[in-house]
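# Notes for the structure review
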Amino acid sequence: VCGPLVRLNAMVLAEDHGQHAPEPQRQALSTALDQVRGEIRHTLEQARQRRDQQEQDIFSAHLALLEDPTLLDAAEASIAQGRAATHAWSAAITEQCQILQQLGSTLLAERANDLRDLQQRVLRVLLGEAWHYDLPAGAIVAAEELTPSDLLQLSAQGVAGLCMAAGGATSHVAILARGKGLPCLVALGPQVLRIDSGRQVVLDANGGRLELEPDPQRIAQVQQAGETQRQRHALQQQKAHEPALTQDGQQIEVAANVASSEEARDAHQGGADGVGLLRTEFLFVDRQTAPDQEEQRQAYQAVLNAMGDKPVIIRTIDVGGDKQLDYLPLPVEANPVLGLRGIRLAQARPELLDQQLRALLQVSPVQRCRVMLPMVTEVAELLHI
């Protein structure tokens, strides 16, 4: 993409040497945290409606971080010593970020960006700052490191691309950018922050390049490449339902992983040969009771209907480990991922699986429905089911 470069600066707090009465600061932080939790829950609800699992995972993690006693206790201790809520919260986050970055793990260092996201969100509420960037249409945004919340805001405002001095390819902001089709460059180094705002640049995410002095011919070339890509996409859509063949004539089955009938419909329109995995957990989470047999049957039938005459592989409920249900308390385990989950949970709570299998066997035509059992470790489990 090409467009005007716009630099975004992170929020910087002014020095604060005053002594503050702890109780009002405590109350201010508590109110701000409640507001941010509410905003994140709203974001989560929108992601659920779109069945955007990546976005749900990222912002569920943010919600969990806001309950981290280490963070809250550190901020509380600072406030008790007379610091302002803004500075106490900022310092608590900065300390945790430094710990993550010293652990020598790229992945954990990237998670520090999620903490900085919460730092900025809570500070905005405490300072009463609006969260809207003043950007020209089609801007290419440059920043030290954008956060997942920044990305959602910028995407909604129609930016064309992103480039960051820091960050990594597996960071949550990079994952979200990829999901939204936004060209994004990370780890360009501090020099990217010294480029004048308003300059016309070309961002080539495929080639990993930010071109600072594109001539009119190069800009026209990039615009033409964008148009060619759109035309290619339209042609691919026309050919989507043709068989996927290798050059020597071998047919390849292309199946889709989905979590709803809407996603199944998109997959069918995109030419998928079937559903390779329907995760049924989406029916069971974020509610107080399990879905009944009829609700399940309708959901599975809707996916089958959306896939025309194609086969659909439906996985029975896989909860436990990192996926907990409010109405299904599970024992604390040393390694929950290897413990009571998937097929073993179904054996411990057979009524859940019985109901699910009854619903699956009632879809029509049942021949197009294949059932996958998760986390099988031995023959006895399979024979039991």
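Below is a short write-up of the structure. (Residues numbered from 1 in each chain as written. Predicted model: local features only at pLDDT ≥ 70, side-chain atom pairs only at ≥ 80, totals over all residues. Heavy atoms only, no water.)

A few words on the overall build of the chain. If you tally the helices and strands in the chain, you get 13 helices and ten strands. Principal-axis analysis of the C-alpha atoms places the extent of the chain at approximately 70 × 60 × 35 Å. Evaluated residue by residue, the chain yields a buried proportion of 41% over its 385 residues. Contacts in the chain between residues at least 24 apart in sequence constitute 61% of all its contacts with a sequence separation of at least 6. Accessible surface computed for the chain: about 20500 Å², of which carbon and sulfur atoms make up 51%. Here the chain contributes 34 positive and 49 negative side-chain charges, whose respective centroids are spaced 4 Å apart. (Helix = DSSP H or I, 4+ residues; strand = E, 2+ residues; numbered from the N terminus. Buried < 20%, exposed > 50% of the residue type's maximum accessible area, 1.4 Å probe, protein only. Contact = heavy atoms within 4.5 Å. Areas by Shrake-Rupley, 256 points an atom, 1.4 Å probe, with all protein chains shown as cover. Lys, Arg positive; Asp, Glu negative; His and termini not counted. Charge placed at Lys NZ, Arg CZ, Asp CG, Glu CD.)

On to unusual backbone geometry. The omega torsion across Ser364 and Pro365 is -5 degrees, close enough to zero to call that bond cis. Within the secondary structure layout, Pro365 lies in the loop between helix 12 (350–361) and strand 10 (369–372). One non-glycine residue, Ala187, lies in the positive phi region at around 55 degrees. In this structure, Ala187 sits in the loop between strand 4 (184–185) and strand 5 (200–204).

Another point: the pairing of strand 9 (residues 312–315). Pairing of strand 8 (residues 274–279) with strand 9 involves three bridges; the strand directions are parallel. Residue pairing for strand 9: Val275 is matched across the bridge by Val312. (Pairing = 2+ DSSP bridges.)

Another aspect to go through is the packing of helix 1 (residues 22–49) against helix 3 (residues 69–80). Viewed as axis vectors pointing N to C, helix 1 and helix 3 meet at an angle of 150 degrees, and their least axial separation amounts to 9 Å. Viewed along their axes, helix 1 and helix 3 adopt a mutual orientation that is roughly antiparallel. Along this stretch, helix 1 crosses helix 3, giving a crossing that reads as right-handed. Contacts between helix 1 and helix 3 pair Pro22, Gln25, Arg26, Leu29 and Leu33 from the former with Leu72, Ala75, Glu76, Ile79 and Ala80 from the latter. Split by residue class, the contact of helix 1 with helix 3 holds seven nonpolar, one polar and two charged. (Axes fitted to C-alpha atoms, helices over the stretch in contact; angles between N-to-C directions. Parallel < 35°, antiparallel > 145°, perpendicular 65-115°, else oblique. Left-handed = near helix turned anticlockwise from the far one by under 90°. Nonpolar A, V, L, I, M, F, W, Y, C, P; charged D, E, K, R; others polar.)

We now examine the sheet that holds strand 2 (residues 140–143). Hydrogen bonds along the backbone pair up the strands of a sheet, which may run parallel or antiparallel. Ordered by their spatial adjacency, six strands build an open sheet running 4-3-2-1-5-6, and the pairing between neighbours is mixed. Because the sheet does not close on itself, it has two edges, and the strands there are strand 4 and strand 6 (209–211). Relative to strand 3 (residues 161–164), strand 2 runs parallel, the two sharing four bridges. Paired with Ala142 across the two strands is Cys163, which belongs to strand 3.

What follows deals with the packing of helix 1 against helix 5 (residues 106–127). Think of two packed helices as two axes; the pair is described by the angle between the axes and how far apart they sit. For the pair helix 1 and helix 5, the least separation of the axes is 9 Å and the interaxial angle reads 120 degrees. Of the possible angle classes, the one that applies to helix 1 and helix 5 is oblique. In terms of crossing hand, the pair formed by helix 1 and helix 5 is right-handed. Across the interface between the two elements, Ala28, Leu29, Ala32, Leu33, Gln35, Val36, Glu39 and Ile40 of helix 1 pack against Leu118, Arg121, Val122, Val125 and Leu126 of helix 5.

Structural measurements only, silent on function.
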